[in-house]
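Spelled out from the first residue to the last, the chains are:
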Amino acid sequence: MDQFYQTLRKIQKKERNNGTLARVEETFYPDIHNYLDSLKQKAMTDPFSNAHGLLKEAQIIATEICERREHKITDAAVVNIHRSYSLFIGEPQFDLIDTTPLNLTPEEEKFYFSIIDTLKNHRENISLEKLSEDTEVKPKKEVISKQTNTLDTKIQSKTKLENDDRLNRLDEISKAKPIVEKRETIEKQIAKSKVSIEENPNAHDGYNEFIDLESKKIAKDSELVKMIVFDDVGAIVGVDEKIYGPFRPQDIVIIPKINAKIFVKNRKGRLVKV
């Protein structure tokens, strides 16, 4: 096995056994990436080499080292904030005690101070000073509430006046007298008219004003037609109130048209053309 792999195994062992960070080079993380890339290239070039197995083991070891170091850095930042920032005891003070973990790489140092800043901002938001500032803002909210109530009162007064105007208008309408238009009867209008039937060709004579449509319909339905009978049928009363039948098959008879249609509809006969 190569030298860098052995170095990773040693760092892994120290991270497991010690509560502090193991000492590494400042270029530790770039070196890991370069080493893994070289193993990938070697595995692609020579598929039968041990580079595949070595690559997997190196990835597992490097991941464990990074995760353990992250936990240690995070714990150190939280403990440092707890010791340095006083909460709910007088005025909050931030006195950063110099307990920065040793053996930090440049990347880990940025990570550590970013956690410190986040925790510091969080504690400032929940400090007594912040809460007291929020309490002072409350009277302003009350003033705004009073102004809102005044505005609501004005709107209600305006609405009431508009409603009163509508009621007065409705009262005037209800008291108004209806306008009645006097119209003459049809008989008087006809009597006053000077246009005669001769002058107006579209006018109708009083005796021929109505047409008896019903009588025309009855006359049409009672029209006699010739029909041949297909089956035995008893005597019937036609629409002309006359008795026809009884009928026998192959009889040729003359009956009203509407009665003949009933025969045809029930397949008891068929019309015969004269």
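Notes on the structure follow. (Residues numbered from 1 in each chain as written. Predicted model: local features only at pLDDT ≥ 70, side-chain atom pairs only at ≥ 80, totals over all residues. Heavy atoms only, no water.)

Concerning the nonpolar core
Then, number 1: Core analysis: the largest hydrophobic core is formed by 18 residues, its most contacted members being Leu8, Phe28 and Tyr35.
Then, number 2: By residue number, the principal contributor to this core is helix α3 (residues 51-84), which donates seven residues.
Then, number 3: Apart from the residues lying within four places of it in its own chain, the contact partners of Phe28 are Leu8, Ile11, Ile65 and Thr105.
Then, number 4: Val229, Tyr244, Val253 and Ala260 belong to the second-largest nonpolar core, a separate cluster that totals ten residues. (Core = buried A, V, L, I, M, F, W, Y, C linked by side-chain atoms within 4.5 Å. Buried < 20%, exposed > 50% of the residue type's maximum accessible area, 1.4 Å probe, protein only. Helix = DSSP H or I, 4+ residues; strand = E, 2+ residues; numbered from the N terminus. Contact = heavy atoms within 4.5 Å.)

Focus on helix α8 (residues 257-265)
Then, number 1: Residues of α8 that are buried: Asn259, Ala260 and Phe263. Down the axis, α8 shows its buried residues gathered within 100° of arc, on one side only. Exposed positions of α8 whose direction lies more than 90 degrees from the buried face are Lys261 and Lys265.
Then, number 2: Looking at the buried positions of α8, the neighbouring elements they touch are β1 (224-229), β2 (236-237), β4 (252-256) and β5 (269-271). (Arc of directions from axis to C-beta.)

Some points on the pairing of β1
A regular strand carries its side chains on alternate faces of the sheet.
Then, number 1: As defined by bridge partners, β1 adjoins β4 across five bridges and the pair is classed as antiparallel. Across the sheet, the residue bridging to Val225 is Ile255, located in β4.
Then, number 2: Pairing geometry for β1 and β5, over three bridges, is antiparallel. Paired with Met227 across the strands is Leu271, a residue of β5. (Pairing = 2+ DSSP bridges.)

Some remarks on the side chain of Glu64
Then, number 1: Mapping Glu64 onto the fold places it in helix α3.
Then, number 2: When neighbours within four sequence positions are excluded, Glu64 is seen to be in contact with Gln12 and Arg16.

A word on the side chain of Thr105
Then, number 1: By the element assignment, Thr105 lies in the loop between α3 and α4 (106-125).
Then, number 2: Residue Thr105 is classed as buried on the basis of its relative accessible area, which comes to 1%.
Then, number 3: When sequence neighbours within four positions are dropped, the list of residues in contact with Thr105 reads Val24, Glu25, Glu26, Phe28, Tyr29 and Arg69.

Considerations on the environment of Val78
Then, number 1: Within the fold, Val78 resides in helix α3.
Then, number 2: When the C-alpha atoms of Val78 and Lys120 are compared, they prove to be 9.9 Å apart, with 42 residues separating the residues in sequence.

Quick word on helix α1 (residues 3-17)
Then, number 1: The end-to-end C-alpha distance of α1 is 22 Å, a good match for the 21 Å that 15 residues give at a rise of 1.5 Å each.
Then, number 2: Taken together, the buried positions of α1 are Tyr5, Leu8, Ile11, Gln12 and Glu15. Mapping the buried residues of α1 onto a view down its axis gives an arc of 120°, with all of them on the same face. Facing away from the buried side of α1 by more than 90 degrees, the exposed set consists of Gln3, Lys10, Lys13 and Asn17.
Then, number 3: For α1, the N-terminal cap is Asp2; the gap from its side-chain oxygen to the backbone nitrogen of Tyr5 is 3.2 Å. (Expected span 1.5 Å × (residues − 1). Polar contact = N/O pair within 3.5 Å; in protein donor to acceptor, adjacent residues only side chain to side chain.)

Thoughts on the pattern of salt bridges
Then, number 1: Under the counting rule described, the total for this entry stands at six salt bridges.
Then, number 2: The residue Lys72 makes a salt bridge to Glu15 at a minimum N-O spacing of 2.7 Å. One end of the pair, Lys72, is in helix α3; the other, Glu15, is in helix α1, with 57 residues separating them in the sequence.
Then, number 3: A salt bridge links Glu108 to Arg69; the nearest nitrogen and oxygen atoms lie 2.6 Å apart. Taken together, the residues span a long stretch of sequence, with Glu108 in helix α4 and Arg69 in helix α3 at a distance of 39 residues.
Then, number 4: Taking relative accessible area as the criterion, Glu108 reaches 4% and is therefore assigned buried.
Then, number 5: When its relative accessible area of 1% is taken as the criterion, Arg69 is described as buried.
Then, number 6: Three or more residues are tied together by salt bridges with common partners; here these are Glu15, Arg69, Lys72 and Glu108. (Salt bridge = Lys/Arg side-chain N within 4 Å of Asp/Glu carboxyl O.)

As for the packing of aromatic side chains
Then, number 1: A complete count under the given rule lists four aromatic pairs for this structure.
Then, number 2: Ring plane angle 45° and centroid distance 4.9 Å describe the contact between Phe4 and Tyr35, whose orientation is recorded as tilted. Of this pair, Phe4 sits in helix α1 while Tyr35 is found in helix α2 (residues 28-45), placing the two residues 31 residues apart along the sequence.
Then, number 3: Relative to Tyr29, the ring of Phe28 lies with its centre 5.3 Å away and its plane at 70°, an arrangement referred to as edge-to-face. Accessibility classification places Phe28 together with Tyr29 in one group, the buried group. (Phe/Tyr/Trp six-rings, centres within 6.5 Å; stacked < 30°, edge-to-face > 60°.)

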